[in-house]
Amino acid sequence: MTLPELLALGGLPEGSGDLLEGAELSPEEKARVLEMTLAKAGLRPVEKKEKTMMKRRNFGLMLMAGILCAGAVVASAAGYLSMRKPLADHLGAGEKEASLVSAGVGDLAASCTTDGWTIAATQVVGDKTQIRVLLEVTAPEGTVLPEGYYRFELPVMDPAATFTIDSIKDDDPTDNKMNFVLGSIEPNDFRGKTVKLHLEGLSRYKNYTAEQLEAGADPLAVDRLVTGDFDLTLKLDYEDTSVTYHPGAQVDTPYGKVKVDQVTLSPLSMSVDLSGEGTTIQPGTRLVIDGEVSAFQVDDKGNIIKVDPNDLAGGDRFIFNGDTESSSMSIFHDGSTLQSQYGIGVQAVDRQGNIIPYKTGDTQPDRVTMTFQGIVDPAEVAAIRINDVDIPLEK
């Protein structure tokens with residue numbers, strides 16, 4: 001295909017074809033353009049020469065070629081998207097933090113409307129183990145969505161995954177729009193996959209006063225705002241921003257040594273792969289948590305049983321997978337130390353020695369995955385700490 005034919009596909013302005021007549025540079029002009037290009041790139045010094053006039057048609061050719069190059073740069077830069085404000089606000093991301101995950105951002109175009117209510121998935125940010133999906137709710141015109149506590153009814157992901165949905169502080173509580181963020185918990189590489197999200201409506205918790213609650217009002221009572229089937233198909237396309245370390249260090253635990261095989265670290269999360277006898281403890285073993293024997297016990301299938309709610313200090317909430325073939329456990333806690341399934345304490349430590357807080361975590365006998373509260377610069381993570389032993393992260 002010739003350059004004129006290529007440019008014709010781009011819908012050039014009327015009369016542009018005149019600039020391309022005889023679209024062929026002379027050998028002298030080709031050499032001069034090459035010399036200028038190399039000099040601009042710092043590859044060859046350019047000598048000062050007498051000014052020469054370029055023919056009108058050749059000037060047009062160079063102008064159009066420049067437009068093509070500029071378009072290519074823009075197209076390339078478009079692969080690095082900016083986070084939408086609600087998602088950035090949710091992650092506490094300023095310009096620096098947003099730049100750390102720009103390659104991991106992907107736009108979505110999934111929406112469903114029922115009874116005048118629209119739920120749309122507009123953007124995703126993710127890595128090798130996690131995703132955060134921005135959900136936008138638009139109520140019918142004239143409907144006000146004030147500040148309050150909201151929940152989606154019966155949310156389900158396919159393929160099945162454990163996740164949270166958080167509401168975002170509304171910039172305008174007098175309009176008909178609200179934003180939420182869906183965050184996955186279990187480690188799962190969603191890149192290039194299609195995920196289906198099913199929701200059966202939106203509700204708002206009743207705003208009872210303290211007196212009403214003391215009088216017996218149900219704190220979980222809600223007003224159903226819309227009921228219906230909202231089905232969204234999310235085609236997830238983003239780049240992984242993780243770095244991987246292989247420390248190989250071993251740490252003593254109450255159940256034997258544990259080896260740190262791999263640490264996968266991104267601005268959004270950290271996943272630690274473990275091996276050794278401390279990850280395969282014997283049935284009947286009581287778990288040791290924070291140095292003390294707890295009410296947790298392991299059965300003959302590796303599942304944790306005999307959970308005493310009074311043993312869960314600090315407001316932690318443990319959710320066990322019902323699948324008897326899986327013994328993974330998800331933890332929801334704004335804290336710093338994530339106890340592995342068998343009570344091994346895992347922390348992320350920055351270069352100033354501070355513990356990096358996490359929001360949610362998933363634990364298995366041989367893996368611990370934590371989702372950070374915000375966006376973390378992987379270069380600032382100096383080590384992981386397991387049972388008070390610091391393990392540097394070095395290539």
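A short tour of the structure in this document, coming up. (Residues numbered from 1 in each chain as written. Predicted model: local features only at pLDDT ≥ 70, side-chain atom pairs only at ≥ 80, totals over all residues. Heavy atoms only, no water.)

**Some thoughts on the overall build of the chain**
- The helix and strand inventory of the chain stands at six helices and 26 strands.
- Every one of the 395 residues in the chain was classed for burial, and the buried ones make up 42%.
- The contacts of the chain with a sequence gap of at least 6 include a subset with a gap of at least 24, amounting to 59%.
- About 21,200 Å² of surface is accessible on the chain, with carbon and sulfur atoms providing 51% of the total. (Helix = DSSP H or I, 4+ residues; strand = E, 2+ residues; numbered from the N terminus. Buried < 20%, exposed > 50% of the residue type's maximum accessible area, 1.4 Å probe, protein only. Contact = heavy atoms within 4.5 Å. Areas by Shrake-Rupley, 256 points an atom, 1.4 Å probe, with all protein chains shown as cover.)

**Concerning the sheet that holds strand β8 (residues 194–199)**
- Strand order across the open sheet formed by three strands is β5-β8-β11, with antiparallel pairing between neighbours. Either end of the sheet is taken by a strand with one partner, and the two such strands are β5 (156–158) and β11 (230–235). Mean inter-strand twist for the sheet, computed between neighbouring axes without regard to direction, equals 20°.
- As defined by bridge partners, β5 adjoins β8 across three bridges and the pair is classed as antiparallel. Counterpart to Met 157 in the pairing with β8 is Leu 197. (Pairing = 2+ DSSP bridges. Axes fitted to C-alpha atoms, helices over the stretch in contact; angles between N-to-C directions.)

**Overview of the pairing of strand β25 (residues 381–386)**
- Of all six residues making up β25, five are buried, and the element is well covered by its neighbours.
- Pairing analysis gives four bridges linking β25 to strand β26 (residues 389–392), with the strands arranged antiparallel. When the bridges of β26 are listed, Ile 386 appears paired with Val 389.
- In sequence, β25 turns back onto β26 through a hairpin of two residues, with Asn 387 there showing a positive phi of about 50°.

**As for the environment of Asp 189**
- Locating Asp 189 in the fold gives a position in the loop between β7 (177–184) and β8.
- Taking relative accessible area as the criterion, Asp 189 reaches 26% and is therefore assigned partly exposed.
- Excluding anything up to four places from it in sequence, Asp 189 contacts Asp 127 and Lys 128.
- Among the polar contacts listed, one links the side chain of Asp 189 to the side chain of Arg 191, at a separation of 2.6 Å. (Polar contact = N/O pair within 3.5 Å; in protein donor to acceptor, adjacent residues only side chain to side chain.)

**Points about the side chain of Thr 371**
- Mapped onto the elements, Thr 371 comes out in strand β24 (residues 367–372).
- According to the relative accessible area criterion, Thr 371 is buried, its value standing at 2%.

**Looking at the packing of aromatic side chains**
- Scanning all chains against the criterion turns up two aromatic pairs.
- For the ring pair Tyr 150 and Phe 180, a centre distance of 6.5 Å and an interplane angle of 75° mean the geometry is edge-to-face. Taken together, the residues span a long stretch of sequence, with Tyr 150 in strand β4 (residues 150–152) and Phe 180 in strand β7 at a distance of 30 residues. In terms of burial, Tyr 150 and Phe 180 fall into one category: buried.
- An aromatic cluster is defined as three or more aromatic residues linked by ring pairs; in this entry it consists of Tyr 150, Phe 152 and Phe 180. (Phe/Tyr/Trp six-rings, centres within 6.5 Å; stacked < 30°, edge-to-face > 60°.)

**Some details on the side chain of Thr 369**
- Along the chain, Thr 369 falls in strand β24.
- Relative accessible area serves as the criterion here: at 0%, Thr 369 is assigned to the buried category.
- A distance of 3.0 Å separates the side chain of Thr 369 from the side chain of Ser 271, its partner in a polar contact.
- Other than its neighbours up to four places away in sequence, Thr 369 contacts Thr 129, Gln 130, Ile 185, Pro 187, Met 270, Ser 271, Leu 338, Thr 360, Gly 361 and Asp 362.

**Observations concerning unusual backbone geometry**
- A cis amide bond links Asp 158 to the next residue, Pro 159, at an omega of 5°.
- Positionally, Pro 159 belongs in the loop between β5 and β6 (163–167).
- Positive phi outside glycine occurs at Asp 115, with the angle close to 50°.
- Of note, Asp 115 is situated in the loop between β1 (105–114) and β2 (117–126).
- Backbone geometry at Asn 387 places phi at a positive 50°, although glycine is not the residue there.
- Structurally, Asn 387 can be placed in the loop between β25 and β26.

**Focus: the pattern of salt bridges**
- All chains considered together, the criterion is met by eleven salt bridges.
- Residue Asp 89 is joined to Lys 85 by a salt bridge in which the shortest nitrogen-to-oxygen separation is 2.7 Å. Residue Asp 89 and its partner Lys 85 are located together in helix α4 (residues 85–91), separated by four residues, close to a single helical turn.
- Here Asp 89 falls in the partly exposed class, since its relative accessible area comes to 41%. (Salt bridge = Lys/Arg side-chain N within 4 Å of Asp/Glu carboxyl O.)

**Concerning the nonpolar core**
- Counting 32 residues, the largest nonpolar core has Val 133, Leu 135, Met 157, Leu 232 and Leu 236 as its most contacted members.
- Put simply, the parts of the chain that give this core at least two residues each are β1, β2, β3 (131–138), β4, β7, β8 and β11.
- Those residues in contact with Val 133 that lie beyond four places of it in its chain are Leu 108, Ala 121, Gln 123, Val 124, Phe 180, Val 181, Leu 182 and Leu 234. (Core = buried A, V, L, I, M, F, W, Y, C linked by side-chain atoms within 4.5 Å.)

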